[in-house]
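An overview of the molecular structure
The lines below spell out each chain.
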Amino acid sequence: MEVEAVVIHEPQHVPRALPDGQEQDWRAAAACLDSDPDLFFPISTKDSWSRELAFEHCRPCQVREECLGVALADPRLTGIWGGTDEIDRQRLRANRRRRSEETT
Ligand code: SF4
């Protein structure tokens, strides 16, 4: 019996479904589709070489907004998502909170 090889075209570090089970169809258009997932999990915030390579994937990515939205919604997520790292996302969440408090 012949076994057909299956090629998975998906970003390896972005889960197929969110914790609530919602599928993430946008993953098929990700610029990091076939990239090494390790790139997106730099050893530290000082690992500038790996971070820059990851950011180079994110800059032109067509689904950057969707990717960033997922990461902003879940503070437990680590690594590079939507062109940001954990520290960038902490700042973005703080800015959003501040703006929201100013308008209420
Ligand atoms: S924004 Fe970056 S991490 Fe997110 S899918 Fe695109 S390339 Fe991958």
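Quick look at the structure, then. (Residues numbered from 1 in each chain as written. Predicted model: local features only at pLDDT ≥ 70, side-chain atom pairs only at ≥ 80, totals over all residues. Heavy atoms only, no water.)

Here's the deal with the pattern of salt bridges
Under the defined criterion, the tally for this structure stands at three salt bridges. Between Arg51 and Asp85 there is a salt bridge, with the nearest N and O atoms lying 2.3 Å from each other. Remark: Asp85 occurs in the loop between α2 (64-73) and α3 (86-103) and Arg51 occurs in helix α1 (residues 48-58); sequence separation between them is 34 residues. The residues Arg51 and Asp85 share a single accessibility class, namely buried. The shortest N-O distance in the salt bridge between Asp74 and Arg76 comes to 2.9 Å. Classification of Asp74 as buried rests on a relative accessible area of 12%. In this structure Arg76 comes out as exposed when scored by relative accessible area, which is 63%. (Salt bridge = Lys/Arg side-chain N within 4 Å of Asp/Glu carboxyl O. Helix = DSSP H or I, 4+ residues; strand = E, 2+ residues; numbered from the N terminus. Buried < 20%, exposed > 50% of the residue type's maximum accessible area, 1.4 Å probe, protein only.)

A closer look at the environment of Asp88
Note that Asp88 resides in helix α3. Residue Asp88 is classed as partly exposed on the basis of its relative accessible area, which comes to 25%. Along the backbone, Asp88 and Leu72 are 16 residues apart, and their C-alpha atoms lie at a distance of 9.9 Å. Discounting chain neighbours no more than four positions away, the residues touching Asp88 are Phe55 and Gly83. (Contact = heavy atoms within 4.5 Å.)

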